[in-house]
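Coordinate analysis (summary)
Listed below, chain by chain, are the residues.
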Amino acid sequence: MADVNLYLDNNYLDMGAVITAPFPFIVVISGRGGGKTYGSLKFCMETGMKFLYLRRTKTILELITDPRYQPFKRINADTGRNISSSYGKGIGSFKDEDTGEVIGYAAALSTISHIRGFDGSDLDIIIFDEFIPEPSDRIMFNQLTALLNAVETVGRNRELEGRPPIKVVLLSNSDLIYGDIIGGLGIG
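What counts as what
- Residues numbered from 1 in each chain as written.
- Predicted model: local features only at pLDDT ≥ 70, side-chain atom pairs only at ≥ 80, totals over all residues.
- Heavy atoms only, no water.
- Helix = DSSP H or I, 4+ residues; strand = E, 2+ residues; numbered from the N terminus.
- Buried < 20%, exposed > 50% of the residue type's maximum accessible area, 1.4 Å probe, protein only.
- Polar contact = N/O pair within 3.5 Å; in protein donor to acceptor, adjacent residues only side chain to side chain.
- Salt bridge = Lys/Arg side-chain N within 4 Å of Asp/Glu carboxyl O.
- Arc of directions from axis to C-beta.
- 1 Å grid on protein atoms, 1.4 Å probe; cavity = no way out; pocket = protein on both sides within 12 Å on 5 of 7 lines; lining within 4 Å.
- Points joined across faces, edges and corners; volume = space filled by probe spheres on them.
- Nonpolar A, V, L, I, M, F, W, Y, C, P; charged D, E, K, R; others polar.
- Phe/Tyr/Trp six-rings, centres within 6.5 Å; stacked < 30°, edge-to-face > 60°.
- Pairing = 2+ DSSP bridges.
- Axes fitted to C-alpha atoms, helices over the stretch in contact; angles between N-to-C directions.

1. What about the environment of T65?
When you line up the elements, T65 lands in the loop between α3 (58-64) and α4 (72-79). Overall, the relative accessible area of 3% leaves T65 in the buried class. Taking C-alpha positions, T65 is 7.6 Å from A106, a pair spaced 41 residues apart along the chain. Among the polar contacts listed, one links the side chain of T65 to the backbone oxygen of L61, at a separation of 2.9 Å.

Next up, the structure:
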């Protein structure tokens, strides 16, 4: 990836350049407010990449699918789009109200095993936001195993069908750069 500019003119991360890199797993750890979540979701919305937006806990999942706090609130304001959010039965969704199309889903790593029959065959990417817990967060054991099981559930047999693997983008702030997933992947 030589000579790739990872920053936009406004100094935010160019998440389009990051996401389109030719790697199935991508880890982005940077300072708070650098445009990781916003840029990732906006890129998916603009390009039609159907996504699973993954967070660590059900509590956060319920919060980010509440229309008052959902991550498309600012993207909608900046782009004039109308992406809504909803939650039910352990999974959330993001819908383009102008077209009626569901553009992505939301789930919690702590509970995704309960929806193992979930069909993610139409998904292109998993965006796992805040994958490294803050020091004050509750410890979730076997996070890497849960993540890999979620990837298998969503990406089920794509490669056997001649399709590329599901893209997995892990996002976190740089407050703490070590955790179960970083250690388990051998990159910490």
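2. What to know about the pattern of salt bridges
A side chain with one charge may pair with a side chain of the opposite charge, provided their charged atoms come close. With the rule as written, the count across this model stands at ten salt bridges. For E134, the salt bridge is made with R32, and the minimal N-O distance between the two is 3.7 Å. Here the residue E134 occupies a position in the loop between β6 (125-129) and α5 (143-155), and R32 occupies one in the loop between β1 (25-30) and α2 (36-47), the gap between them amounting to 102 residues. Of the residues examined, E134 reaches a relative accessible area of 34% and is grouped as partly exposed. Given the relative accessible area of 53%, R32 is considered exposed. D78 is the salt-bridge partner of R74, the closest N and O atoms lying 3.1 Å from each other. Here D78 and R74 lie together in helix α4, a separation of four residues that amounts to about one turn.

3. Some words on α4
Working note: α-helix, 3.6 residues per turn, so residues spaced by three or four point in the same direction. If you check which residues of α4 are buried, you get F72, I75 and N76. Each buried residue of α4 lies within a common arc of 100 degrees when the element is viewed along its axis, so the set occupies one face. α4 presents K73, R74 and A77 as exposed residues on the side facing more than 90 degrees away from its buried surface. A positive phi of about 80 degrees marks G80, the residue just after α4.

4. Some points on the layout of surface pockets
One water molecule sets the probe size; rolling that probe over the atoms shows where empty space is left. A volume near 540 Å³ is recorded for the largest pocket. Looking at the largest pocket, it is lined by 24 residues, and the ones nearest its centre are Y12, G35, K36, Y38 and G39. Elements with a minimum of two residues in the lining of the largest pocket: α1 (15-19), α2 and α4. In terms of residues, the lining of the largest pocket owes the most to one element, α2, which gives seven residues. Per-class residue counts for the lining of the largest pocket are six nonpolar, eight polar and ten charged. Reported here for the second largest pocket is a volume of approximately 190 Å³. Lining the second largest pocket are R55, R56, T57, I60, D129, E130, I132, P133, E134, D137 and R138.

5. Describing the packing of aromatic side chains
The full count for this structure, using the stated rule, is five aromatic pairs. For the ring pair F128 and F131, a centre distance of 6.2 Å and an interplane angle of 55 degrees mean the geometry is tilted. Accessibility classification places F128 together with F131 in one group, the buried group. Through pairs of rings, three or more aromatic residues link up here, namely F51, Y53, F72 and F94.

6. As for the sheet that holds strand β4 (residues 91-96)
Across the sheet, which stays open at both edges, the seven strands sit in the order β1-β7-β6-β2-β5-β4-β3 with mixed pairing between neighbours. Single-partner strands in this sheet number two, and they are β1 and β3 (83-88). Strand-to-strand twist across the sheet, computed as the mean angle between neighbouring axes with direction ignored, equals 20 degrees.

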